[in-house]
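Report on the structure
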Amino acid sequence: MFTFSLKHATLCAPEHGDQADHLTGLPPDLPKVIGTAGDQFRDWFTRLCLYLVLKSGPSAHPDDTVVIGTEYGNSAALARLQHEAAERGRMLSAQIFPNATSGSASAFANIGIGAKGRNMTLNAGRLTPVMALWQALTALATGRSEHSHVLVGDTYSAEALDDIRAHGSAGLCRPGLAHALLTRGEAYTARFDFAPADGAHDGTALTGRPGDRDRNGAFAFADFLTAVQALDTGASTRLEFHDGARRAALTVTRATDQAVAGPLPGRSQ
C-alpha cells in the first residue's frame, strides 16, 4: 500500500487538424510557457509534456521524478529526423541529439523544472496508466523523490496512425495528455492489483462517456483523477485496465482532508 497527496491534475486535449501532425485547440499560452529555444526539434508530444509539467508550478525539489506513460511518445520527432536525413541524402548528425532519443520528452521535462531525479518513459500497452502511477508512487515511497510527475497519453503522429491502421486496431485515437503531480503525504492510500485477466478483452479502456472507447489512456486517467478529487473521507475509486490476458488495477481511498487538489483545470475536449 502507498500513501500520497495529489497537488495538481490537468488534462490537455487538443484535436487533429487537417493532418495528423497539425493540432488545433492548443493552450494559448503554450509558446510563452515552454519557450522557443530548440523548438524546431520538438514534436507536439514533447511540447505538451513540457507545457503541463511547467504549468504545475516551479519545482524547488531537484530530486523530482518524471514518469511518462505513452504508446508512441515523441516518435514524430524521430520519424521527422529520419525523413529529413533521407531527403537530404546524408547521415544523421550528433548535433540533433538528445532530440533523436525515444525518451527525450521526459528528459526535457526534467530539465524544464530543474530536476535531477529519475525520468522515464514506459509503454505497458493498455496497462500503461496504472504502471506509470505505480512507478511514480514507488519513487515517493522509497524516498527517491518528494514529488512525482505522471504524464499519460499520446498525440498520434501520422506515422503512429499508420501503425495503428496496419495492425487493424479498434478504438478512438484522440490526442490528449493528462498530468498529475503527486507528493508525499497521507491524503490518499493506493492499492495495486496485478493479475491475469478474467475472460477476453479488446484492450481499450472506458472513458466514462457512453459509447466512447479510447485507445488513448489519457482520458480514462483524467476521469480517474477527477473521481479521486471528489472522494469523501473513507470512500474509494478504482482504475482498471485489461490487455489480453493481463490486468492492472489501482484502488485509491481518501484518507484525510489534507493536501487535496482542486478540480481539473484547463480541460478542453
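What you see is a predicted model, and the numbers here were worked out from it, not measured in a lab. Starting from 1, residues in each chain are numbered consecutively following that chain's sequence as written. Local features in a predicted model are, by the rule used here, given only for residues with pLDDT of at least 70; side-chain atom pairs are given and counted only at 80 or more, and totals for whole chains, interfaces and linings are based on all residues. Side-chain numbers come from the whole structure's heavy atoms, not from hydrogens or water.

1. With respect to the overall build of the protein chain
Test applied: Numbered from the N terminus, helices here are DSSP runs of H or I no shorter than four residues, and strands are runs of E no shorter than two. Note on exposure labels: buried denotes an accessible area under 20% of the residue type's maximum, exposed denotes more than 50%, and partly exposed covers the range between, all computed with a 1.4 Å probe on protein chains only. Contacts between residues were defined by any pair of non-hydrogen atoms, one from each residue, lying within 4.5 Å.
What the protein chain contains, in helices and strands, is 7 helices and 11 strands. Expressed as a percentage of its 269 residues, the buried residues of the protein chain come to 48%. Within the protein chain, contacts between residues separated by at least 24 positions form 75% of all contacts whose residues are at least 6 apart in sequence.

2. Examining the nonpolar core
What counts, and what does not: What is meant by a nonpolar core is a set of buried Ala, Val, Leu, Ile, Met, Phe, Trp, Tyr and Cys residues, joined one to another through side-chain atoms within 4.5 Å.
If you look at the biggest cluster of nonpolar residues, it comprises 40 residues, and the most contacted ones within it are Phe-4, Leu-6, Leu-133, Leu-182 and Val-252. At the level of secondary structure, the elements contributing two or more residues to this core comprise β1 (2-12), β5 (119-122), α5 (128-141), β6 (147-154), β7 (176-196), α7 (218-229), β10 (236-243) and β11 (246-254). The biggest single contributor to this core is α7, with 8 residues.

3. A short note on the pattern of salt bridges
Inclusion rule: Here, a salt bridge means any Lys or Arg side-chain nitrogen found within 4 Å of an Asp or Glu carboxyl oxygen.
Considering all chains together, one arrives at 8 salt bridges under this definition. The residue Lys-55 makes a salt bridge to Asp-29 at a minimum N-O spacing of 2.9 Å. Placement of the pair is Lys-55 in helix α2 (residues 44-55) and Asp-29 in the loop between β3 (23-24) and α1 (30-34), with a sequence separation of 26 residues. Take Lys-55: its relative accessible area is 43%, and that puts it in the partly exposed class. We note a salt bridge from Glu-71 to Arg-215, for which the minimum N-O separation is 2.5 Å.

4. As for helix α6 (residues 158-166)
Inclusion rule: Note: the arc covers the axis-to-C-beta directions of the helix.
Considered for burial, the residues of α6 that qualify are Ala-160, Leu-161 and Ile-164. End-on view of α6: buried residues confined to an arc of 95°, all on one side of the axis. Of the exposed residues in α6, the ones pointing more than 90 degrees away from its buried face are Arg-165 and Ala-166. The elements touched by buried residues of α6 are β2 (15-16). Phi turns positive one or two residues past the end of α6, at Gly-168, with a value near 60°.

5. Quick notes on α7
Which entries qualify depends on this criterion: Multiplying 1.5 Å by the residue count of a helix minus one yields the expected span of that helix.
Given a rise of 1.5 Å per residue, 12 residues ought to cover 16 Å, and the 17 Å separating the end C-alpha atoms of α7 matches this to within 8%. Among the 12 residues that make up α7, 9 are buried, leaving the element largely enclosed by the rest of the structure.

6. Things to note about the packing of aromatic side chains
Just so we agree on the cut-off: Aromatic pairs are defined between Phe, Tyr and Trp rings, using the six-membered ring for Trp, whenever the two ring centres lie within 6.5 Å; interplanar angles under 30 degrees are classed as stacked, those over 60 as edge-to-face, and all others as tilted.
Within this structure, the stated rule accounts for 4 aromatic pairs. Relative to Tyr-188, the ring of Phe-4 has its centre 5.3 Å away and its plane inclined at 25°; by these criteria the two rings are stacked. Here Phe-4 is found in strand β1, whereas its partner Tyr-188 is found in strand β7, with 184 residues between them in sequence. Both residues of the pair, Phe-4 and Tyr-188, count as buried. When the ring of Phe-192 is compared with that of Phe-194, the centres are 6.0 Å apart and the planes differ by 10°; the resulting orientation is stacked.

7. Topic: unusual backbone geometry
The phi torsion at Tyr-156 lies on the positive side, around 60°, for a residue other than glycine. Within the fold, Tyr-156 resides in the loop between β6 and α6.

8. Some words on the confidence of the model for the protein chain
The line we're drawing: Every residue is assigned a pLDDT by the predictor, reflecting its confidence on a scale from 0 to 100.
Per-residue confidence for the protein chain averages 83 on the pLDDT scale, and 79% of its residues sit at or above 70. With pLDDT under 50 throughout, residues 199-212 is counted as low confidence; its partners more than four residues away or in other chains account for 33 contacts.

9. What to know about the pairing of β1
For clarity, the cut-off: Pairing between strands requires that DSSP locate at least two bridges from one strand to the other.
Taken across its 11 residues, β1 has 9 buried, putting it largely inside the fold. As paired elements, β1 and β7 share 10 bridges and run antiparallel to each other. In the strand pairing of β7, Thr-10 is matched with His-179.

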